[in-house]
Amino acid sequence: MRDSLNPWNCCKWKDDLDFRPRRSGLRLRIDSDVPSVIREHCIHFAAWLRKKYEFPVRIPVYVKFKTLVRASDGELVSGLFFEPYSRSVEPYAKVAVGVVDKLEDEYNTKNAICKILCSIAHELTHYFQWINCMEPMEPRANSRIEWQASYYGHKLSKMYSMKYIWTPVEQTILKMESYDALHADDYQMLQSWTETENSSVKRMIVALVAQREADEARKLLLQLSNDSNASVRAFALDVLCGFPAPECIKRLQQAVHDERNTYARYCAIRSCADLMIDEAEDAHAVQTFFETVMHKETEPLCRLGCSYALYISGQDSALDAILSLLDSKDEDLQCETVIVLQDIAETKNIQAIAKSVKRLQKGNCSNSLSECIRLFFQNVKPIFDKCR
């Protein structure tokens, strides 16, 4: 009974005596621009699947070096499965690798690989639903089919990643994410792992404790905000905005002035602004602090952070300074500017912001910038709806 519910194990197709496919098997077609580390894992994942499952009709999976692929109805999606009406016709699947042109460190790389493998497994679940004629006839058939594809997509990619991508320490941290609460022994274990040179482990620790409210979580974040690795410091400084404690504000203010890494300092500026606005009784004091920082700051990214701080503290004229950065030739700065504009978007400014972002969209955008713009319009849609 259990196998009949799992499309990957179901063999209903064997009961069809007229079913005689010309070719069988799983094949990959990977764009040449896809980074080699992702290419290697896609190939290995496909080989792993072939050993475990039979693919009775040949299914080519096209791994595209795009943020999204276009479905037949024109919708942009992360993956799609072409389902022929007849099983004598070979289907195919397409998967977009997403924003992978700037894999900065091991942690980002592993996460990107896991997402891509999950998309491949998701679309292949649709393949097994199709080959076994498992589409139910109820009105809610589509949602049920999608739920099943998502479930087995995550399950299979997790099985693979736990064996071939994540280290034993990283696997333990991933398991801790499901814990309702972390206990003293858990925090002691995490504390011991902060001494490692592996930045991926330390970034995973930051992600794990960022949603916890215990004093031990705050202490770990404060410690990692002083880590020797800049990406770990940046991540820790970024999530400290969720911990409204005097020592956190003090650490962020220190990083605003002393942090040497530009991106980590930018994260500190934004987090510091969020906490100071929430805690300060006088918005003018916040403006004075960041006007002083802006006067000394030379890095455009950090000046963006200061403009964000001034705007959310009530200085409306700071919006013009933020919008002007969309004209930068630095696409990383443009991406961060779009993200900031999304965060400050509201009914009184959405028209001006959207107009500027649309103008940017008409230019020649990279994959990462195009994705930032797409997410911007997707996320500000509720604000547009309120303005109608």
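Everything below is about the structure shown above.
Figured I'd write up the structure that's included with this text. (Residues numbered from 1 in each chain as written. Predicted model: local features only at pLDDT ≥ 70, side-chain atom pairs only at ≥ 80, totals over all residues. Heavy atoms only, no water.)

Helix and strand counts for the chain stand at 17 helices and six strands. Across its three principal directions, the C-alpha atoms of the chain cover 80 × 55 × 40 Å. Per-residue burial over the chain gives 50% buried out of 388 residues. For the chain, restricting intrachain contacts to residue pairs at least 6 apart in sequence, the fraction spanning at least 24 positions comes to 68%. Just so you have it, the chain exposes about 20500 Å², and 48% of that area is on carbon and sulfur atoms. (Helix = DSSP H or I, 4+ residues; strand = E, 2+ residues; numbered from the N terminus. Buried < 20%, exposed > 50% of the residue type's maximum accessible area, 1.4 Å probe, protein only. Contact = heavy atoms within 4.5 Å. Areas by Shrake-Rupley, 256 points an atom, 1.4 Å probe, with all protein chains shown as cover.)

It is worth spelling out the packing of aromatic side chains at this point. Evaluation of the coordinates by the stated rule reveals 22 aromatic pairs. Ring centres 6.5 Å apart and planes at 85 degrees place the aromatic pair Phe81 and Tyr127 in the edge-to-face group. Here the residue Phe81 occupies a position in strand 5 (residues 79-82), and Tyr127 occupies one in helix 3 (residues 106-131), the gap between them amounting to 46 residues. Residue Phe81 is classed as buried on the basis of its relative accessible area, which comes to 15%. Since its relative accessible area comes to 0%, Tyr127 is described here as buried. By the ring-pair criterion, three or more aromatic residues cluster together here, those being Trp8, Tyr53, Phe55, Phe81, Tyr127, Phe128 and Trp130. Arg270 extends its terminal NZ or CZ atom over the ring of Tyr308, reaching a point 4.1 Å from the ring centre. (Phe/Tyr/Trp six-rings, centres within 6.5 Å; stacked < 30°, edge-to-face > 60°. Lys NZ or Arg CZ within 6 Å of the ring centre and 35° of its normal.)

Inspection of the secondary structure assignment puts Glu54 in the loop between helix 2 (36-52) and strand 2 (59-64). Glu54 sits in the partly exposed class, given a relative accessible area of 48%. Each C-alpha atom of the pair Glu54 and Leu26 lies 8.7 Å from the other, and the pair is 28 residues apart in sequence. Contact partners of Glu54, with chain neighbours within four places excluded, come to Trp13, Lys14 and Phe128.

Here we come to the pairing of strand 6 (residues 92-96). Strand direction decides the pairing type here: strand 2 and strand 6, joined by four bridges, are parallel. Looking at strand 6, one finds that Lys64 is bridged to Ala96. Of the pairings in the sheet, the one linking strand 5 to strand 6 comprises four bridges and is antiparallel in character. Directly across from Phe82, in strand 6, lies its bridge partner Tyr92. (Pairing = 2+ DSSP bridges.)

On the secondary structure map, Arg212 appears in the loop between helix 7 (199-209) and helix 8 (215-224). Although Arg212 is buried, it forms no salt bridge, and the closest oppositely charged side chain is Asp180 at an N-O distance of 6.9 Å. For Arg212, the side chain forms a polar contact with the main-chain oxygen of Tyr179, separated by 3.1 Å. Aside from chain neighbours lying at most four places away, what touches Arg212 is Met176, Glu177, Tyr179, Asp180, Ala181, Leu182, Tyr187, Ala217 and Phe243. (Lys, Arg positive; Asp, Glu negative; His and termini not counted. Salt bridge = Lys/Arg side-chain N within 4 Å of Asp/Glu carboxyl O. Polar contact = N/O pair within 3.5 Å; in protein donor to acceptor, adjacent residues only side chain to side chain.)

With respect to the secondary-structure elements, Ser307 resides in helix 13 (residues 300-312). Classification of Ser307 as buried rests on a relative accessible area of 4%. Sequence-distant contacts of Ser307, defined by excluding residues within four places in its chain, comprise Met294, Ala318, Ala321 and Ile322.

For the rest of this paragraph, the subject is helix 12 (residues 283-296). Compared with the 20 Å implied by 1.5 Å per residue over 14 residues, the 21 Å span of helix 12 between its first and last C-alpha is a close match. Where helix 12 is concerned, the buried positions are Val286, Gln287, Phe289, Phe290, Val293 and Met294. Taken down its axis, helix 12 places every buried residue within 160 degrees of arc, on the same side. Facing away from the buried side of helix 12 by more than 90 degrees, the exposed set consists of His284, His295 and Lys296. Among the structural elements, helix 10 (246-258), helix 11 (262-279) and helix 13 are those in contact with the buried residues of helix 12. (Expected span 1.5 Å × (residues − 1). Arc of directions from axis to C-beta.)

Bear in mind that shape data such as this cannot, by itself, settle questions of function.
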